[in-house]
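# Inside the fold
Below, each chain spelled out in residue letters.
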Amino acid sequence: AYPFFPHLMQRFFAAKGPRDLKLALSFLCIEPYVRLLGPISLGILAIARWPTLPEGTTSDQVLSLVLGDFMVHGSIFMQGFVSLLVAAMLAAMMSTMDSSMLSLSSMVTLDVVKGIWPTLSEHGQLITGKLVGLVLVMGSVTMTSLLQFNLASLLTIQANLLLQVAPTFMFGMY
């Protein structure tokens, strides 16, 4: 599953020596437990609040259900916390998608275009990378509009499938 968490894999590539690599590996051993503490706690909270899910609610909608309950019945502190949490989730999604888009545009530019046109200058590579990024953004916006995604469906994709990194991962495997 780690190829679908590029921010974790980059820690290995950023290691300056064996000591840093050991530190990254140590972090990687405990990271899933720390990362899953929040979702597990949220699930336990949801079970305590709703022993059976409300009609028409599926298990992947528990986060929206709990956060909506906090917004309606919670204190001003809880409402602020929910707002901060939603902003953090959006920031994480944007960061992951941005990293994937930059990686994919670099791979297309250096592996495909530079392979076809070996004399391409650095300026040409820069322009090509920007154009590939623009095409990716336009394609993503078009696909989002055509498929009528909303925030809940984007969060589901982020949490379950991480489709935004699949092209980078697949093209990187060639």
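It should be noted that the structure appears before, not after, this text.
For clarity, every value in this text was computed on a predicted model and none was experimentally measured.

## Quick look at the packing of helix α3 (residues 62–73) against helix α4 (residues 76–116)
The interhelical angle for the contact between α3 and α4, taken along N-to-C directions, is 145°, at an axis separation of 8 Å. For the pair α3 and α4, the contacting residues are Leu63, Leu67, Phe70 and Met71 in the first and Met78, Gln79, Val82, Ser83, Leu85, Val86 and Met89 in the second. Split into classes, the residues belonging to the contact of α3 with α4 amount to 9 nonpolar, 2 polar and no charged.

## Side note on the side chain of aspartate 69
Position of aspartate 69 relative to the elements: it lies in helix α3. On the basis of relative accessibility, which here comes to 14%, the residue aspartate 69 falls in the buried class. In this structure aspartate 69 touches Arg49, Trp50 and Gly74, once residues within four positions along its chain are discounted.

## Considerations on the nonpolar core
In terms of nonpolar packing, the biggest core is built from 5 residues, these being Leu42, Ala46, Trp50, Val62 and Val66. Elements that contribute at least two residues to this core include exactly α2 (18–49) and α3. Apart from the residues lying within four places of it in its own chain, the contact partners of valine 66 are Leu42, Leu45, Ala46 and Trp50.

About the thresholds
- Residues numbered from 1 in each chain as written.
- Predicted model: local features only at pLDDT ≥ 70, side-chain atom pairs only at ≥ 80, totals over all residues.
- Heavy atoms only, no water.
- Axes fitted to C-alpha atoms, helices over the stretch in contact; angles between N-to-C directions.
- Helix = DSSP H or I, 4+ residues; strand = E, 2+ residues; numbered from the N terminus.
- Contact = heavy atoms within 4.5 Å.
- Nonpolar A, V, L, I, M, F, W, Y, C, P; charged D, E, K, R; others polar.
- Buried < 20%, exposed > 50% of the residue type's maximum accessible area, 1.4 Å probe, protein only.
- Core = buried A, V, L, I, M, F, W, Y, C linked by side-chain atoms within 4.5 Å.

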